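Observations on the model geometry
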Amino acid sequence: MRVLTVLGVVALGACAAGCAGPDEATGGSGSFEAPGLAALAGQAATCAGPREKTFALEAREVTLDLGMGLRFNAWTYDGVLPGPTLEVCEGDKVRITVANHASTSHGLDSHALRTDMRRFGPVPPLEILTIDASVDTPGVYMYHCASGPVTDVHIKSGLYGAMIVYPRDEILRPARELVVVQSAVFGTPDASGLIPGTDPTRAQKNDPGVMMFNGRFEHPPLEVRPGDLVRAYVVNIGPGVAALHVMGTILDTVYDGAARIRHVQTYGVAAGSGAVVEFRIPEAGTYGLVDHDRLAYVPWGMVIAFDATGGHARAPAH
Ligand SMILES: [Cu+2]
């Protein structure tokens, strides 16, 4: 297994292919684009779109490359870990379908919905679950498999993702945006680096083999400039509380439900919850988003680096 250090990660320096160009940086907005990072449509495009939105997901069993020489026999939505980010706007009507192409029953429970939980399934293999509901509360929410008493193992096997409900009337500040989904793998790799599936005993004890952001152990540094505002839509699948911290700065604003919390060094996001966090890049340098209670996993890549070493002057007031 290839092990990186914090400095090793942030010292990668030059931005990997797919990072935003210089014209998009300072004072810029829009989704970061990088390998392994889901691009976002964003509030403006999502809220300008049709007020009825349909998401067709597929439950699939796939072997995923997690990076650092490890692979995982995962249960997924659409073959990716985490599942696709579902972007909707406050007041939208939403239809979510899950076509079950896996070998056991699966469903879908989105925390953004207020509806009879029995509508979340599960459905057996080869059947399609359909959920119709509306979304009325802005925020970033967890969605996950719903399969009765065995839901825990299904979630821990990879059936989870983030759903963003953008506010319709409150226009968000221009920012560079990304989704951060924190989760874990509850298994042990074999000699070839394959984690053959979820170990039910470890799952029951909430004893992860390794934890990760966005279903991967490797994250290319994201290019930013001093003065940039970064907005992270954070969902914690679990286990435990994610102690969200950005090394080198202070969280400017945390949106947690209806609350607006200012100037926080570290913010706790419970398992099964989400928060939208904003921070400004104060000066040229490198910054790292971590779970401050899980720094032990940094050598396994559990850090997202922001690279502002492009040599630009310190930004004015922020
Ligand atoms: Cu399931």
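Report follows, based on the coordinates. Quick caveat, the model's predicted, so the values are computed rather than measured.

Here is what the cut-offs are and how they apply
- Residues numbered from 1 in each chain as written.
- Predicted model: local features only at pLDDT ≥ 70, side-chain atom pairs only at ≥ 80, totals over all residues.
- Helix = DSSP H or I, 4+ residues; strand = E, 2+ residues; numbered from the N terminus.
- Buried ≥ 20, exposed ≤ 12 C-beta atoms within 10 Å, placed from the backbone.
- Contact = placed C-beta atoms within 7 Å.
- Core = buried A, V, L, I, M, F, W, Y, C linked by C-beta atoms within 7 Å.
- Domains from an automatic or database assignment.
- Pairing = 2+ DSSP bridges.

All right, on to the overall build of the protein chain then. When you go through the protein chain residue by residue, the secondary structure sums to four helices and 21 strands. Here the protein chain holds 318 residues, and 47% of them are scored as buried. Restricting the contact set of the protein chain to residue pairs at least 6 apart, pairs at least 24 apart contribute 72%.

Before going further, it helps to examine the nonpolar core. With 90 residues, the main nonpolar core has Leu108, Ala162, Val180, Val234 and Val277 as its most contacted residues. Taken domain by domain, this core gets at least three of its residues from each of domain 1 (6-40 + 174-308) and domain 2 (43-166). Beyond its immediate stretch of four places on either side in the chain, Val180 contacts Phe213, Asn214, Ala232, Val234, Leu289 and Ile304.

The four strands lie next to each other as S4-S9-S8-S6, forming an open sheet whose pairing is mixed. Looking at strand neighbours, the two that pair on one side only are strand S4 (86-89) and strand S6 (109-110), the edges of this open sheet. Pairing between S6 and strand S8 (residues 139-144): two bridges, direction antiparallel. Bridge assignment links Asp109 to a residue of S8, and that residue is His144.

The strand order across the open sheet built from five strands is S7-S5-S2-S3-S11, with neighbouring strands paired in mixed fashion. Looking at the sheet topology across the chains shown, the edges are occupied by strand S7 (128-134) and strand S11 (194-195). As paired strands, strand S2 (residues 52-67) and strand S3 (residues 70-77) are joined by eight bridges and run antiparallel to one another. From the neighbouring strand, Gly67 faces S3, where its bridge partner is Leu70.

Attention shifts here to the environment of Val241. The topology assignment puts Val241 in the loop between strand S14 (229-236) and strand S15 (242-247). You can call Val241 partly exposed: it has 15 C-beta atoms within 10 Å. Expressed as a C-alpha distance, the spacing of Val241 and Ala271, which sit 30 residues apart in the sequence, is 5.7 Å. Val241 has contacts with Gly268, Val269 and Ala270, leaving out every residue within four places of it along the chain.

This next bit is on the pairing of strand S16 (residues 251-256). When S16 meets strand S17 (residues 259-264), the two strands line up antiparallel, connected through five bridges. By the bridge assignment, Val254 is partnered in S17 with Ile261. Taking the residues between adjacent antiparallel strands as the criterion, S16 and S17 are bridged by two residues, where Gly257 takes a positive phi near 60°. Of the strand pairs in this sheet, S16 and strand S19 (residues 273-280) are connected by three bridges, and their pairing is antiparallel. In the strand pairing of S19, Thr253 is matched with Glu278.

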